[in-house]
Amino acid sequence: MNRIAVLGSANMDLVVRQERLPRPGETIFGSGFTTVPGGKGLNQAVAAARLGGSVDFLGAVGADAYGTELRALLAAEGIRADGLASSPAPTGTAHISVVDSGENSIVVVSGANSTVTALTAQQRATIEASAFLVMQCELPVPVLVEAFAAARAAGVFTVLTPAPVVPLPSGFLASVDLVVPNRIEAAELTGEPDPVRAAELLSAGKTWAIVTLGAEGSVVAYDGAVLGLAPARPVRAVDTTAAGDTFVGALVARLAVSTAGSGAAASAGAGPAASGPAASGAAAAAGSAPSEAAMVEAVRWATVASSVSVTRHGATSSMPTEAEVAAILG
């Protein structure tokens, strides 16, 4: 199995459910409170593992009760955590308000995540031994740049969720093999409110771009051209907290499955992995770069997985298993 290295944040989500958001200075009653393991990095790692991926998680947590709980979750999900450092800072927290419509607002206190400014030797070795590197923007930018350079040198396929949108070095975004923003992030990154045009801009230069649109599905583009609109699966949403992270984790897990064992074909210059979209970046030499057919199939799985997650409360607690998604796909 192609291994997936996820470099990212690990938080404890503190979730309040309420009818609506309060106005400035207003106090209202909530209808419930829960603590749920989260953080965009940990969310994506759990989603990928549940959808059949072999996952390593890289980041940092504090030496506190939340950190202990997050490590226990990773172990229970079969995710290797040799690259999860212990920090003197407290474990990160996310303070989430979920309203009755299912929409949410989030305030993140980075804590230990902010201490991940450079790769450890263990983290670098894990990235170099992987087929995929998955990152978000909840860690300091210098470590993202360092990890990307290590991945690129080793022929590892790179995936970035540019959330939250932060200033990145010139050319960084265009060098990533696959970028997965939502429509708001895509507009902020490109200055283009039309998600189709934004996907075209983000995918220029042999990059894959998937712009997620919530209930409207997602736009898939490669090398400056839109390949199509993937429709959403209609469901009744109760909590959208981890929909995007579930989508990315499921997407990469399916790509890892579809490209497993393709290295020989790529290095020999034979088969679908040797030409067209599959030959993007240094990852093509390692055989982990996906074909168009593999990407389309992965998007199909990711769409179903994210649709299931929004029908359940919480972040990691809402993510489906591979068997659940397979049953829906028939």
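Owing to the predicted nature of the structure, the values given are computational and were not obtained by experimental measurement.

### Section: the sheet that holds strand S11 (residues 208-212)
- Taken in spatial order, the nine strands make up an open sheet running S5-S4-S1-S8-S9-S10-S11-S12-S13, and their pairing is mixed. The sheet terminates laterally at strand S5 (80-87) and strand S13 (225-230), the two strands that pair on one side only.
- The pairing of strand S1 (residues 3-7) with strand S4 (residues 54-62) spans five bridges and is classified as parallel. Counterpart to valine 6 in the pairing with S4 is phenylalanine 57.
- Lying on the sheet, helix H2 (residues 65-76) is in contact with S4 and S5; it crosses S5 at an angle near 175°.
- Helix H11 (residues 292-309) rests against strand S10 (178-179), S11, strand S12 (218-222) and S13 of the sheet, and its axis sits at about 20° to S11.

### Some words on the confidence of the model for the chain
- In this model, the chain carries a mean pLDDT of 90, and residues with pLDDT of at least 70 account for 91%.
- This model gives residues 263-287 a pLDDT under 50, and the stretch forms 43 contacts once residues within four places in sequence are excluded.

### Re the pairing of S5
- Sheet analysis places S4 next to S5, joined by six bridges and oriented parallel. If you follow leucine 58 over to S5, its bridge partner there is glycine 83.
- In this region the chain leaves S4, passes through H2 and returns to the parallel neighbour S5; the handedness of that crossover is right-handed.

### Description of the packing of aromatic side chains
- In the structure shown here, the tally under the stated rule is three aromatic pairs.
- For arginine 254, the ring lying beneath its charged end belongs to tryptophan 301, and the centroid distance is 3.7 Å.

### Considerations on the packing of helix H6 (residues 183-190) against helix H7 (residues 195-202)
- Across the interface, H6 lies against H7 with an axial gap of 9 Å and an inter-helix angle of 60°. Here H7 runs oblique to H6, going by the angle between their axes. In the crossing of H6 with H7, the sense of the turn from one axis to the other is left-handed. Between H6 and H7, the residues in contact are Arg183, Ala186, Leu189 and Thr190 and Pro195, Ala198, Leu201 and Leu202, respectively.
- Partitioning the contact of H6 with H7 into residue classes produces six nonpolar, one polar and one charged.

Procedures and definitions
Residues numbered from 1 in each chain as written. Predicted model: local features only at pLDDT ≥ 70, side-chain atom pairs only at ≥ 80, totals over all residues. Heavy atoms only, no water. Pairing = 2+ DSSP bridges. Helix = DSSP H or I, 4+ residues; strand = E, 2+ residues; numbered from the N terminus. Contact = heavy atoms within 4.5 Å. Axes fitted to C-alpha atoms, helices over the stretch in contact; angles between N-to-C directions. pLDDT = per-residue confidence, 0-100. Right-handed = clockwise from strand over helix to strand, strands pointing away. Phe/Tyr/Trp six-rings, centres within 6.5 Å; stacked < 30°, edge-to-face > 60°. Lys NZ or Arg CZ within 6 Å of the ring centre and 35° of its normal. Parallel < 35°, antiparallel > 145°, perpendicular 65-115°, else oblique. Left-handed = near helix turned anticlockwise from the far one by under 90°. Nonpolar A, V, L, I, M, F, W, Y, C, P; charged D, E, K, R; others polar.

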